[in-house]
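# An overview of the molecular structure
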Amino acid sequence: MMKKSSLVVAALAAALAGSAAIGVAHGHGDEHGERAYGKPGDPKKPARTVEIVMKENEGDYAMMFIPDRVEVRSGEQIRFRLRNAGVRDHEFVLATLKDNLAHMQEMAKNPDMEHDDPNARRLKPRETAEIVWQFTTPGQFDFSCLIPGHRQAGMFGTVIVK
């Protein structure tokens, strides 16, 4: 039989391991470190601006990003200007598709989860925000609204880094 102190240590270790696993699945971690899809940009350096509009069509329940496809060069810094033109809260989460799908599962369990990450912003209707991001690795990456039901309604897009 385990001592009470051993049980506390085991529970703490399990909780820390669980939070670390969630952090990896969400693309969280070192806020300033490089990830598979790049790293936070420097707002003081030049960047190409890409405007992304978030909205929904009430009649058919479709939700979308406009544009839903962005092409960039490896090494390029992008200033995403985000605008919620809809009547519901929306978010923009930039990550790998795998990370965003895992994060979407966590959001289903915790629908009011707020993001405090350099690759994500949640906007209320009519709000605007910016994300400055430098894409350092060629590949295909995902941006999604992970509020429950929104990605499933079509609210996702692709960044292609050449």
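Shown above is the structure to which this text applies.
The notes below deal with the structure included here. (Residues numbered from 1 in each chain as written. Predicted model: local features only at pLDDT ≥ 70, side-chain atom pairs only at ≥ 80, totals over all residues. Heavy atoms only, no water.)

Counted by the stated rule, this structure contains 10 salt bridges. In this structure, K109 engages E106 in a salt bridge whose closest nitrogen and oxygen atoms are separated by 3.7 Å. On the criterion of helical spacing, the pair formed by K109 and E106 is a turn pair, its members being 3 residues apart in helix α2 (residues 97-109). The exposure class assigned to E106 is buried, which follows from its relative accessible area of 16%. Salt bridges linked by common partners bring R48, R73 and E76 together as one network. (Salt bridge = Lys/Arg side-chain N within 4 Å of Asp/Glu carboxyl O. Helix = DSSP H or I, 4+ residues; strand = E, 2+ residues; numbered from the N terminus. Buried < 20%, exposed > 50% of the residue type's maximum accessible area, 1.4 Å probe, protein only.)

Moving on, we get to the sheet that holds strand β9 (residues 139-144). Two strands in a sheet stick together by hydrogen bonds in their backbones, pointing the same way (parallel) or opposite ways (antiparallel). Reading across the sheet, the 5 strands line up as β4-β10-β9-β6-β7 and stay open at both edges, with mixed pairing between neighbours. Of all strands in the sheet, those bounded by a partner on one side alone are β4 (69-72) and β7 (120-123). Neighbour to neighbour, the strand axes of the sheet diverge by 15° on average, direction disregarded. Along the sheet, α2 contacts β6 (90-95), β7 and β9; its crossing angle with β6, the most-contacted strand, is approximately 140°. (Pairing = 2+ DSSP bridges. Axes fitted to C-alpha atoms, helices over the stretch in contact; angles between N-to-C directions. Contact = heavy atoms within 4.5 Å.)

Within this structure, the stated rule accounts for 7 aromatic pairs. Both rings, one in Y37 and one in F141, keep their centres 6.4 Å apart while their planes meet at 55°; by these two values the pair is tilted. Here Y37, found in the loop between α1 (4-26) and β1 (39-40), pairs with F141, found in strand β9; they are 104 residues apart in sequence, far enough to count as distant. Side by side, Y37 and F141 carry an identical accessibility label, which is buried. Three or more aromatic residues joined by ring pairs make a cluster, and in this case those are F65, F80, F92, F135 and F143. (Phe/Tyr/Trp six-rings, centres within 6.5 Å; stacked < 30°, edge-to-face > 60°.)

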